[in-house]
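If you want the building blocks of each chain, they are given just below.
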Amino acid sequence: MTNSAQPSRTVTVAVVQAAAPLFDTPVALVRAKKLIREAAVRHGAKVVVLPEAFFGGYPKGLDFDMTVGSRTPAGRDLFRRYHASAIEIPGPEVAALATVTRELGCHAVVGAVERQGGTLYCAALFFGPDGYLGLHRKLMPTAAERYLWGQGDGSTLQVIDTGSARIGAAICWENYMPLFRTAMYAKGVDLWCAPTVDDRDAWQATMRHIALEGRCFVLSANQYLRRDALPDDLHPVQGNEPDTVLIGGGSVIVSPLGEVLAGPLRDGEGILTADLDLDDLARARFDLDSTGHYARPDVFTLHVDESPNITVTSS
């Protein structure tokens, strides 16, 4: 009798819970390189996820003096500072991170605020052993984010094939968009990366739901940000005590059947890791494949426009 069992396919992944000081892009680059290296070398991670807006920063608690129908010179100048701290793609920060992932032979998903002309975009950048692989721009900035960031389009709804698993990203409240999730499931995403700044307990239910619905591993990396990471002249609504927590973490790794494999991490920075058995993907999809055998294309269909939206074209 022969043994038909196949050796398991595993990959070690890491989610990084950290933040960089607001408006300090050089420090953000140093931190990102150090954290990716630590996750890959010390923890053996082949996939590393950093939080939403790690580059450029997430200005939690700041209002930019914005009210309906009114702006102020001080608010405009604060946006100027925010605009200056964003990164361009391609640019030196992207090149530096590409060098790191090439050296380490790992993949990384890194949250960034991208600057393109006068517009900022919240983006997830993809890196791998071949360097920079592309980006996903957040489709719908949430609430007050809309006066800071532009909207992405369908041209960046990409999934990266690593050779052993397919990686995709949904940034923060994109995870609450059912049609976005459906489009990504149809692309066969295996490792669902969720860079975020949502530190609510309810976020944990969302991550477990997506793991179960998509039958994928979910890797959610959140920031842990304190008041002392902001310049002294800023005054967030949460208060001015240096140890006031602005973003409280909650990073987590979830299996395709909704089991929490690591986290949620609270009360500080850190790196969560897990060894994922990729054969669990097939085991989980045995009874649910939401865009495959569990779909009803005779009843429901979804059209996704993946063309870029360009304002000006030249013939």
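Residues numbered from 1 in each chain as written. Predicted model: local features only at pLDDT ≥ 70, side-chain atom pairs only at ≥ 80, totals over all residues. Heavy atoms only, no water.

Q: Sorry if this is basic, but what is going on with the overall build of the chain here?
A: Tallying secondary structure elements over the chain gives 6 helices and 13 strands in all. Taken against the 2.2 N^0.38 rule, which gives 20 Å for 315 residues, the C-alpha radius of gyration of the chain at 20 Å falls within 12% of a compact globule. Seen through its principal axes, the chain has C-alpha atoms that stretch 80 × 50 × 40 Å. The buried share of the chain, reckoned over its 315 residues, is 52%. Look at the contacts in the chain between residues 6 or more apart in sequence, and 69% of them connect residues 24 or more apart. (Helix = DSSP H or I, 4+ residues; strand = E, 2+ residues; numbered from the N terminus. Rg over C-alpha atoms; globule rule 2.2 N^0.38 Å. Buried < 20%, exposed > 50% of the residue type's maximum accessible area, 1.4 Å probe, protein only. Contact = heavy atoms within 4.5 Å.)

Q: Help me understand the packing of helix α1 (residues 25-42) against helix α3 (residues 92-104), please; the structure alone is not making it clear to me.
A: The angle between the axes and the distance between the axes are what describe a pair of packed helices. Running from amino to carboxyl end, α1 crosses α3 at an angle of 10 degrees, the nearest separation of the two axes being 10 Å. Judged by the angle between their axes, α1 and α3 are roughly parallel. Between α1 and α3 the crossing geometry is right-handed. Along the contact surface, α1 presents Thr25, Leu29, Ala32, Lys33, Ile36, Arg37, Ala40 and Val41, while α3 presents Glu93, Ala96, Leu97, Val100, Glu103 and Leu104. The residue inventory of the contact of α1 with α3, partitioned by class, reads 9 nonpolar, 1 polar and 4 charged. (Axes fitted to C-alpha atoms, helices over the stretch in contact; angles between N-to-C directions. Parallel < 35°, antiparallel > 145°, perpendicular 65-115°, else oblique. Left-handed = near helix turned anticlockwise from the far one by under 90°. Nonpolar A, V, L, I, M, F, W, Y, C, P; charged D, E, K, R; others polar.)

Q: Mind showing me how you'd approach the nonpolar core here?
A: In globular proteins that are soluble, nonpolar side chains generally tend to be buried together. Counting residues in each nonpolar core, the largest one holds 49 residues, and the members touching the most others are Val13, Tyr82, Val109, Trp149, Leu219, Ile253 and Leu276. The element contributing the most residues to this core is strand β4 (residues 119-128), with 4 residues. Core analysis: the next-biggest nonpolar cluster, separate from the first, contains 33 residues, Ala28, Ala40, Val100 and Ala112 among them. (Core = buried A, V, L, I, M, F, W, Y, C linked by side-chain atoms within 4.5 Å.)

Q: Hey, could you run me through the pattern of salt bridges in this one?
A: A side chain with one charge can pair with a side chain of the opposite charge if their charged atoms come near. Evaluation of the coordinates by the stated rule reveals 22 salt bridges. One salt bridge in this structure joins glutamate 269 and arginine 31, with 2.9 Å as the shortest N-O distance. Of this pair, glutamate 269 sits in the loop between β12 (260-266) and β13 (270-277) while arginine 31 sits in helix α1, and the two are 238 residues apart along the sequence. Looking at glutamate 269, the relative accessible area reads 41%, which means it is partly exposed. Glutamate 103 is the partner of arginine 37 in a salt bridge, and the nearest nitrogen-oxygen pair spans 2.9 Å. Within this pair, whereas arginine 37 is found in helix α1, its partner glutamate 103 is found in helix α3, the two being separated by 66 residues in sequence. A relative accessible area of 31% places arginine 37 in the partly exposed class. Beyond isolated ion pairs, a larger network of salt bridges with shared partners links Lys34, Glu38 and Arg42. (Salt bridge = Lys/Arg side-chain N within 4 Å of Asp/Glu carboxyl O.)

Q: Can you walk me through a nonpolar patch on the surface in this structure?
A: A surface patch of nonpolar side chains, amounting to about 240 Å² of accessible area, comprises Leu179, Leu302 and Val304. Its location among the elements puts leucine 179 in helix α4 (residues 178-186). (Patch = residues over 30% accessible without salt bridge, like charges linked within 9 Å, V, L, I, M, F, W, Y side chains within 5 Å. Areas by Shrake-Rupley, 256 points an atom, 1.4 Å probe, with all protein chains shown as cover.)

Q: Mind showing me how you'd approach unusual backbone geometry here?
A: In terms of backbone geometry, most residues other than glycine have negative phi values and most peptide bonds are trans. Here the residue pair isoleucine 89 and proline 90 is connected by a cis peptide bond, since its omega of 0 degrees sits within 30 degrees of zero. Following the sequence through the fold, proline 90 ends up in the loop between α2 (73-85) and α3. In this structure, the amide linkage connecting glycine 263 to the following residue, proline 264, adopts the cis form with an omega of -5 degrees. Position of proline 264 relative to the elements: it lies in strand β12. The phi dihedral of phenylalanine 23 is positive, around 70 degrees, even though this residue is not glycine. Relative to the elements of secondary structure, phenylalanine 23 occurs in the loop between β1 (10-17) and α1. Its identity is not glycine, yet cysteine 172 carries a phi of approximately 50 degrees, on the positive side. Turning to its location among the elements, cysteine 172 is positioned in the loop between β7 (166-169) and α4. Taking the relative accessible area as the measure of exposure, cysteine 172 reaches 4% and is therefore buried.

Q: Before we go on, may I ask you to explain the pairing of strand β11 (residues 245-254) in this structure?
A: Two faces, one strand: in a regular strand the side chains alternate between the faces of the sheet. Counting buried positions over the 10 residues of β11 gives 9, a clear majority of the element. Where strand β9 (residues 217-222) meets β11, 3 bridges bridge the pair, whose relative direction is antiparallel. Residue pairing in the sheet places valine 218 in a bridge with valine 254 of β11. The pairing of β11 with β12 spans 4 bridges and is antiparallel. Bridge pairing in β12 places isoleucine 253 opposite alanine 262. Between β11 and β12, which pair antiparallel and follow one another directly, the connecting turn spans 5 residues, one of which, glycine 258, has a positive phi of 85 degrees. (Pairing = 2+ DSSP bridges.)

From the geometry alone we can't say anything about function, so treat these as descriptive.
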